[in-house]
Amino acid sequence: MNESRKRGQTGQRRIWRSAALAGLLAAGSLTGVSGTARAQTAATRVETAVVSKSPVTGVTESVVRVKIALPASVGSHPAGCDWLSYLRYRDSAGPAASADADKVLVAHPGILEGAGAFDSVARNTVVQAAKKGEHIEFWALDRRSNCLEDRTGIQAGLDSGDPHEAVDYYYNGTSVEGRSFAGYLDNSQIGWLSKIGLEQTVRDEYDLLAAELPSQSLRKQKVLCGGHSLGGVLTGYFAAWDFDGRAATTADAGYNQCSGYFALDTTISTSLADLQGSMPADLDIPDVGIGYAAVQAGLDSGLLPRSVSAPAVINAETMTLLSLAGLWATTAPDAESDLALSVPPNTNVDTTNRLLFSKDAATFLLGTPTVEDFRLTNEAALGTLMDDNSVPVSFIQSSVGFYDGGSITDKNFPVANGDDSLSSITGTEYKAIPALPHGPLYTWRNYDKVGAAGDPGYTSADGTPFTDASKEVTDIQELARSLSEQPLDFTEDYFPTKLVTDIELGTSPQISRFVVHPDGLTANPNLTVLAGDGLLAGHPPAGLDPVVAPGYQHLDVLTAAPVQNNGEPETVSAHLAQFAVEH
C-alpha cells in the first residue's frame, strides 16, 4: 500500500480498533485485537503456530479455533464440532493483528475439500502481495464436518518419519499417546449432519467473521470473500443472505461483510449449474417446499446418506488414503513404495485401486495385474492417485509431472484416450499407466523437469504426447506436504449431503426466505480465475471476464508452484494479490 493511502487510513484504524476492543471486552477477551497465539479465555479461542517445511518463506501460519456452538436443534454431536477452525496465513513482516492487515482474504473450500487444500495458493498470495507493499492475510476455512476427522495417525507418521505408524494406527489397532482410531463412521453415527446445510454453513462464516473482526465497517473495508469450486457458490449465497431476519436492515447482509469477491475455478453465483459452465434455465420450476421437506425427512431418518460417499474413490477411507500417499511421498519421496502392500486388503481400497490402476476394462474385470504388481516410488504412487494424466476423476486432478523410469502405455479405462464424451468427469488429458508389472522401478518426473534434459517424451499409441512443460504447474512435493503436513486436512471425509440438496432446492421457501439480497452478488468487485483445463474450460458462464490460467487443472488453482515453467510467478496468486491491492 502506498504511504499516502496508509496515512489516510490511520484515523479509520483507530476507530476500528476501538470498536474491536469494545466488542471483545463485551465478549470477555482481547485476543482478536492482539492477534497473538494466546487463548481468548479458557475455552473460546485458541490460536496455535504451525511449523511448516514449505520453501515459501516470509509467511507465518497458524491454526485458529473459535468456539461457536451449534444450536440445540442440531441434536447430539461431538463436543469438538462446537468449534470453527481456519488456517491463518499472514506476512511475517506485517502486523500481528488481523484488524491491522491491509486485506483479509477468506476462502471457502470446494466439495470434499478442507482448509489444507489452500496451503500453496495462500502462501503464494501473501508473498505476492508483500512484494507490492501490502500486508495481507489469507484465511482458509474448514467446514463443521471436518471436525469428524482424525489426523492422529498422519501426525504420528510425520513426527517419527515412519509412515507405517499411520497405517498401524488406522488399520492395525495401534494406539498413539493413548488414543485409538474409532473407525470410519457410518450413516447411523452422523445423524447430526442432516442439519448441517446451507443455512448453518453461511451462518458459520458470518459468525466467525463477526467474532474475529467485530467491526462491520472494518469487514466491509478489508475482507475479500471467495472460494474454490463449490466455495464460489457458497460465497454467492453468503453475499445474498440476510442474517438478522430483517430485509430492510442491510448492515448484516452478506455482501456488506466483504469489499470484494474472488472465485477460483468457479463463479460467485447461487447455482450449481455454473460449475458446469452453464447458467440455470429461466423455466426452472420453483420448489414450493414439498421437495425440501421430503429430502429433509430422508436425511433425518437416515434413508438418505447424510454424507456424500460412494463404494470407491469418494468416501472417508479413500480420503485418508490420499493423506497417507502424501505422507509416504513426504517422508521418503524416492523410496520404493510399499503403501499398497501395507494397507490390509479390503473391498473399498481394492476397488479404488482397481479403478485407478487398470489400463483397460479387461484388467479391471480380471483384477490383474494390480497396483501391487508394479514398482513405484512414493512420488510415483502419489502421482498415480492425483495427476491429470493418471487419475480419471477431474475434480481431484492436478498437474504434477509424469512417470519416468520405464515403458508407459495408454490407460483406456474407464474412458479411452481421445474420447471426450465424459470429459467433465474424467478430464481431457490423455491417461497413462506403467506398462511393465514386476519390472523396473518407476520414478516421477516433477513438474519443472518435464521437457527438460533426459525427459523420454512419452507419447500415446496414436502419437499424441501425454504432456509437455506448459501443462505442468504443481510441485509434487508441495502437494504431498499439503496433503499430510497441514493440521486441518486437505480433504473432507464427511461432506454433508444436505449442503448440496439445499443448494439444489434453493427456490424452496425454507431457503429462499434468507436469500433476500440478490443484488449482493454484484454489489462488490469480482475476480474470477479459471483453470485453463478445469471444470469450466472453454465454456465459462456468459457475462464473465475471467482470468484463465493456462494448463491448470481444477486443483492446480490451489496447489500450483510459486514459479512456473515459463519463469513467471504463479498466475492465480499474482492476480489475487493484485486484486487485494486494488480492492
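Up top is the structure these notes are about.
Calculation criteria
- Residues numbered from 1 in each chain as written.
- Predicted model: local features only at pLDDT ≥ 70, side-chain atom pairs only at ≥ 80, totals over all residues.
- Heavy atoms only, no water.
- Salt bridge = Lys/Arg side-chain N within 4 Å of Asp/Glu carboxyl O.
- Buried < 20%, exposed > 50% of the residue type's maximum accessible area, 1.4 Å probe, protein only.
- Disulfide = S-S within 2.5 Å.
- Helix = DSSP H or I, 4+ residues; strand = E, 2+ residues; numbered from the N terminus.
- Patch = residues over 30% accessible without salt bridge, like charges linked within 9 Å, V, L, I, M, F, W, Y side chains within 5 Å.
- Areas by Shrake-Rupley, 256 points an atom, 1.4 Å probe, with all protein chains shown as cover.
- Lys, Arg positive; Asp, Glu negative; His and termini not counted.
- Charge placed at Lys NZ, Arg CZ, Asp CG, Glu CD.
- Contact = heavy atoms within 4.5 Å.
- Phe/Tyr/Trp six-rings, centres within 6.5 Å; stacked < 30°, edge-to-face > 60°.
- Pairing = 2+ DSSP bridges.
- Axes fitted to C-alpha atoms, helices over the stretch in contact; angles between N-to-C directions.
- Parallel < 35°, antiparallel > 145°, perpendicular 65-115°, else oblique.
- Left-handed = near helix turned anticlockwise from the far one by under 90°.

Q: Is there a simple way to think about the pattern of salt bridges in this case?
A: Think of it this way: side chains of opposite charge can pair up when their charged atoms draw near. Per the stated rule, a full pass over the model turns up 22 salt bridges. For the salt bridge of Glu47 with Arg45, the shortest nitrogen-to-oxygen distance reads 3.1 Å. The two residues Glu47 and Arg45 agree in class, both being buried. For Arg45, the salt bridge goes to Glu212, with nearest N and O atoms at 2.8 Å.

Q: It is not clear to me how the state of the cysteines should be interpreted in this structure. Could you clarify?
A: By definition, a disulfide links the sulfur atoms of two cysteines through a covalent bond. Here the structure, examined in full by the defined rule, presents 2 disulfides. Here Cys81 connects covalently by a disulfide to Cys147, the sulfurs 1.9 Å from one another. One quick way to see it: the torsion about the S-S bond of Cys81 and Cys147 is about 85°, and its sign makes the bridge right-handed. Of this pair, Cys81 sits in the loop between strand S2 (59-67) and strand S3 (83-91) while Cys147 is found in the loop between strand S5 (136-141) and helix H5 (152-160), placing the two residues 66 residues apart along the sequence. Across the disulfide, Cys225 is cross-linked to Cys258 (sulfur-sulfur distance 2.0 Å).

Q: Is there a simple way to explain a negative patch on the surface in this structure?
A: Taken together, the side chains of Asp159, Asp162, Glu165 and Glu177 make up a negatively charged region of the molecular surface. For Asp162, the position within the fold is in the loop between H5 and helix H6 (164-171). The class of Asp162 is partly exposed, set by a relative accessible area of 31%.

Q: Looking at this model, I keep getting lost on the environment of Thr497. Mind explaining?
A: Looking at the secondary structure, you find Thr497 in helix H18 (residues 497-504). Under the relative-accessibility criterion, Thr497 is labelled buried at 14%. Residues Thr497 and Asp455 lie 42 residues apart in sequence; the distance between their C-alpha atoms is 44 Å. What Thr497 contacts, discounting residues up to four positions off in sequence, is Leu299, Pro305, Arg306, Ser307 and Val308.

Q: What is the right way to read the packing of aromatic side chains from this model?
A: Aromatic rings in a pair are described by how distant their centres are and how their planes are angled relative to each other. The final tally for this structure, using the stated rule, is 17 aromatic pairs. Both rings, one in Phe118 and one in Phe138, keep their centres 6.0 Å apart while their planes meet at 45°; by these two values the pair is tilted. Highlighted residues: Phe118 in the loop between strand S4 (103-108) and helix H4 (119-131) and Phe138 in strand S5, separated in sequence by 20 residues. Like Phe118, the residue Phe138 is buried in the burial classification.

Q: Sorry, what's going on with the environment of Tyr552 here?
A: The topology assignment puts Tyr552 in the loop between strand S14 (547-549) and helix H20 (556-559). Tyr552 gets classed as buried once you look at its relative accessible area, which sits at 1%. When the C-alpha positions of Tyr552 and Thr571 are compared, they lie 9.7 Å apart, and in sequence the two are 19 residues distant. Ignoring any residue separated from it by four or fewer positions in sequence, one finds Tyr552 in contact with Val473, Ala531, Gly532, Asp533, Gly534, Val557, Ala560, Gln564, Glu570, Thr571 and Val572.

Q: Just to check I follow, could you spell out the sheet that holds S5 for this structure?
A: Across a sheet, paired strands are connected by hydrogen bonds in the backbone, their directions being either parallel or antiparallel. Pairing is mixed across the open sheet formed by 9 strands, whose spatial order is S1-S2-S3-S5-S4-S6-S7-S13-S14. Across the chains shown, the open sheet's two edge strands, defined by having one partner strand only, are strand S1 (45-49) and S14. Neighbour-to-neighbour, the strand axes of the sheet open up by a mean angle of 20°, direction not taken into account. Lying on the sheet, helix H9 (residues 230-240) is in contact with S4, strand S6 (223-228) and strand S7 (260-264); it crosses S6 at an angle near 140°.

Q: Which parts of the structure should I look at to understand the packing of helix H11 (residues 316-331) against helix H15 (residues 378-386)?
A: Each pair of packed helices gets described by two things: the angle between the helix axes and the distance between those axes. Contact geometry for H11 and H15: axes closest at 8 Å, N-to-C directions at 150°. Taken together, the axes of H11 and H15 are roughly antiparallel relative to one another. Crossing hand, H11 versus H15: left-handed. Residues Leu322, Ala325, Gly326, Trp328 and Ala329 of H11 lie in contact with H15, whose contacting residues are Asn378, Glu379, Leu382, Leu385 and Met386.

Q: Is there a simple way to think about the sheet that holds strand S8 (residues 375-376) in this case?
A: The sheet built from 3 strands is open, its strands ordered S8-S12-S9 with mixed pairing. In this open sheet, the two edge strands, each paired with only one partner strand, are S8 and strand S9 (401-404). Both S8 and strand S12 (residues 441-446) contribute to a ladder of 2 bridges, which runs parallel. Pairing of Arg375 across the sheet is with Leu441, part of S12. Packed onto the sheet, H15 meets S8, S9 and S12 and runs at close to 70° relative to S12.

Any link to function would need more than the numbers given here.
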